[in-house]
Amino acid sequence: MQPLAERLRPKTLDEYIGQKHLVGPGAVLRKMIDAGRISSFILWGPPGVGKTTLAHIIANKLETPFYTLSAVTSGVKDVREVIERAKSNRFFSQASPILFIDEIHRFSKSQQDSLLGAVEQGIVTLIGATTENPSFEVIRPLLSRCQLYVLKPLEKEDLLGLLQRAITTDVELKEKHIELKETTAMLRYSGGDARKLLNILELVTEAENQNQVTITDELVTERLQQNPMAYDKDGEMHYDIISAFIKSIRGSDPDAAIYWLARMVEGGEDPAFIARRLVISAAEDIGLANPNALLLANACFDTIMKIGWPEGRIPLAETTIYLATSPKSNSAYMAINDAISLVQRTGNLPVPLHLRNAPTKLMKQLGYGDNYKYAHDYPGNFVRQQFLPDELTGENIWKPQANAAEQKHKERMEALWGTDKYKQ
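The structure presented is a predicted model; accordingly, all values stated were derived computationally and were not measured. (Residues numbered from 1 in each chain as written. Predicted model: local features only at pLDDT ≥ 70, side-chain atom pairs only at ≥ 80, totals over all residues. Heavy atoms only, no water.)

J.: What's the story with the sheet that holds strand S1 (residues 41–44) in this structure? I'm lost.
T.: Adjacent strands of a sheet pair through backbone hydrogen bonds, lying either parallel or antiparallel. Ordered by their spatial adjacency, five strands build an open sheet running S2-S3-S4-S1-S5, and the pairing between neighbours is parallel. One side of each edge strand has no neighbouring strand; the edge strands of this open sheet are strand S2 (66–70) and strand S5 (147–150). With direction set aside, neighbouring strand axes in the sheet form an average angle of 20°. Sheet topology places S2 next to strand S3 (residues 98–102); five bridges connect them, and they run parallel. (Pairing = 2+ DSSP bridges. Helix = DSSP H or I, 4+ residues; strand = E, 2+ residues; numbered from the N terminus. Axes fitted to C-alpha atoms, helices over the stretch in contact; angles between N-to-C directions.)

Okay, structure coming up:
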């Protein structure tokens, strides 16, 4: 018999769980589906939120030929063969055949290039699914020909509804008397992944021989500890592991950080995914306390792209330990967030006249650029003048933190601007 997750796969939009912002009444994707014609798009979201299911539902609703390729097992030859079949199955009265590509982020540049013509000419309507940011992994010409829809992790209410549906409608489970006494552990282990949640439910109920099953947090934890691989096909809780990895770096624990890195290496994690997260961590968590961290993280990313596995584990380890042992500061991260909030509150404030560009005679007559002081004309290459809009004079956005590198910057700013928030 099929696994529970497959038996419960929704067949219609009414059965589909979550993603109301895309397929709820009046939502953008729902409108296109109801109109019977969709454009090419890419679904980006974490595992188990319904990307593949949604593609199948759309194909059934539109009653159009549906082709599927896995980026893991398909090459350029497979892509071209599918496109040729799609051409032969195309009828004037019918929507373009749908080509669904799972894990499209794993397609090489040449594989993606082979899709361009067919998508542009409407030979196929492409639906791609990815767990990775498409702007990193999908070539720009292909991305520009597709809409991008972001799928969100399923909410607690969605997952609880799915559990109730499983125990009351599934052909196997409804024969048992299943009581969901506690669900906290199931929800925590599933991490918003519907497929993982159903795998856990199936594992726990199958392990109980009797027809009366009371599901508790203790029971779920016990069953998963006995069979930790059962609820994750790769043996890794992808998002939990990367979270532990980054938090260990942020918490300056190199032993924990290298342990979680090893878990990802052994679990077959994409090295580019790890390297990107190191770049983000270097900027967000180490920041100005040690700017070399970002340089090393970028070098690590470039190296990974050149050498791949298994040697790629070495620069990843080097960078992980360096970041974990570096002093920490999130002052740049906080500064840009505070600046964006300030812009959102105050709107498009005018640029002070003396800072404006004056490429024309009229602009010069209007005072653009008047009284601007060129810093290099003054001792120390600095002169006090106003740089913020009039309404924001005196605002202090960047707040240096207590580490050696930033204290040097702070001392310089105080020497230039004074101690009153570095302003004149």
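Once the structure has been displayed, the description carries forward.
J.: Sorry, what's going on with the environment of isoleucine 286 here?
T.: On the secondary structure map, isoleucine 286 appears in helix H15 (residues 271–286). Sequence separation of isoleucine 286 and serine 331 is 45 residues, and the distance between their C-alpha atoms is 9.2 Å. Setting aside anything within four residues of it in sequence, one finds isoleucine 286 in contact with Ile249, Ser281, Ala293, Leu323, Ser326, Pro327, Lys328 and Ser329. (Contact = heavy atoms within 4.5 Å.)

J.: So what exactly am I meant to see when it comes to the side chain of arginine 276 here?
T.: Turning to its location among the elements, arginine 276 is positioned in helix H15. The exposure class of arginine 276 is buried, given its relative accessible area of 11%. Excluding residues that lie within four positions of it along the chain, arginine 276 makes contacts with Glu132, Phe136, Glu137 and Phe301. (Buried < 20%, exposed > 50% of the residue type's maximum accessible area, 1.4 Å probe, protein only.)

J.: Help me out: how do you make sense of a nonpolar patch on the surface in this one?
T.: Among the surface-exposed residues, Tyr372, Tyr374 and Phe387 lie close enough to one another that they form a single nonpolar patch of about 340 Å² accessible area. In this fold, tyrosine 374 is placed in the loop between helix H19 (361–365) and helix H20 (404–417). (Patch = residues over 30% accessible without salt bridge, like charges linked within 9 Å, V, L, I, M, F, W, Y side chains within 5 Å. Areas by Shrake-Rupley, 256 points an atom, 1.4 Å probe, with all protein chains shown as cover. Salt bridge = Lys/Arg side-chain N within 4 Å of Asp/Glu carboxyl O.)

J.: Can you walk me through the pairing of S3 in this structure?
T.: Successive residues of a regular strand alternate their side chains across the two faces of the sheet. With four of five residues buried, S3 lies mostly within the body of the structure. In this structure, S3 lies alongside strand S4 (residues 125–130), joined through four bridges in parallel fashion. What sits directly across from leucine 99, in S4, is leucine 126. For the handedness criterion, the β-α-β arrangement of S3, helix H6 (residues 109–120) and S4 is classed as right-handed. (Right-handed = clockwise from strand over helix to strand, strands pointing away.)

J.: When you look at the packing of aromatic side chains in this model, what are you seeing that I'm missing?
T.: Between two aromatic rings, the relevant description is the distance of the centres plus the angle of the planes. If you walk through the whole model with that rule in mind, you get five aromatic pairs. Between tyrosine 259 and tryptophan 260, the ring centres sit 4.8 Å apart and the planes meet at 70°, which makes this aromatic pair edge-to-face. On the basis of an interplanar angle of 85° and a centroid distance of 6.5 Å, the ring pair of phenylalanine 387 and tryptophan 417 is categorised as edge-to-face. Here phenylalanine 387 is found in the loop between H19 and H20, whereas its partner tryptophan 417 is found in helix H20, with 30 residues between them in sequence. The class of tryptophan 417 is buried, set by a relative accessible area of 12%. (Phe/Tyr/Trp six-rings, centres within 6.5 Å; stacked < 30°, edge-to-face > 60°.)

J.: What is the right way to look at the nonpolar core in this model?
T.: Generally speaking, nonpolar side chains in soluble globular proteins are found buried as a group. Grouped together as the largest cluster of nonpolar side chains are 51 residues, with contacts concentrated most on Leu29, Ile38, Ile58, Ile127, Leu201, Ile215 and Val220. Grouped together as the second largest cluster of nonpolar side chains are 23 residues, Tyr67, Leu69, Leu99 and Leu116 included. (Core = buried A, V, L, I, M, F, W, Y, C linked by side-chain atoms within 4.5 Å.)

J.: Honestly, the pattern of salt bridges in this entry has me stumped. Any pointers?
T.: Once their charged atoms are close, side chains differing in charge can pair, the charge on each being opposite to the other. Counting across every chain of the model gives ten salt bridges. With its nearest N and O atoms 2.7 Å apart, the salt bridge here joins glutamate 120 to arginine 145. Note that glutamate 120 is positioned in helix H6 and arginine 145 in the loop between helix H8 (140–144) and S5, a separation of 25 residues in sequence. You can call arginine 145 partly exposed: its relative accessible area is 30%. Where salt bridges share partners, they join Arg7, Asp170 and Glu202 into one cluster.

J.: What's the story with H20 in this structure? I'm lost.
T.: Given 3.6 residues to a turn, an α-helix orients residues that are three or four positions apart in the same direction. Between its first and last C-alpha, H20 extends 20 Å over 14 residues, near the 20 Å set by a 1.5 Å rise per residue. Packing partners of the buried residues in H20 comprise helix H18 (331–346). Once H20 finishes, glycine 418 follows within two positions and takes phi at roughly 95°, a positive value. (Expected span 1.5 Å × (residues − 1).)

J.: Before we go on, may I ask you to explain the side chain of histidine 105 in this structure?
T.: Its place among the elements puts histidine 105 in the loop between S3 and H6. With a relative accessible area of 8%, histidine 105 lands in the buried category. Beyond its immediate chain neighbours, meaning those up to four positions away, histidine 105 contacts Thr130, Thr131, Glu132 and Glu137.

J.: Any chance you could explain the packing of H15 against helix H16 (residues 292–307) here in plain terms?
T.: Each pair of packed helices can be described by the angle between their axes along with the distance between the axes. Packing of H15 against H16 brings their axes to within 8 Å, and their N-to-C directions diverge by 170°. Relative to H16, H15 is oriented roughly antiparallel. Along its contact with H15, which presents Pro271, Ala272, Ala275, Arg276, Leu278, Val279, Ala282, Ala283 and Ile286, the element H16 presents Ala293, Leu294, Ala297, Asn298, Cys300, Phe301, Ile304 and Met305. Class assignment of the residues belonging to the contact of H15 with H16 gives a composition of 15 nonpolar, one polar and one charged. (Parallel < 35°, antiparallel > 145°, perpendicular 65-115°, else oblique. Nonpolar A, V, L, I, M, F, W, Y, C, P; charged D, E, K, R; others polar.)

J.: Can you help me understand the environment of glutamate 15 in this one?
T.: With respect to the helices, strands and loops of the structure, glutamate 15 is situated in the loop between helix H1 (4–7) and helix H2 (20–23). For glutamate 15, a relative accessible area of 35% corresponds to the partly exposed category. Separated by 201 residues in the primary sequence, glutamate 15 and threonine 216 place their C-alpha atoms 27 Å from one another. The contacts of glutamate 15, once residues within four sequence positions are left out, are Pro10 and Arg165.

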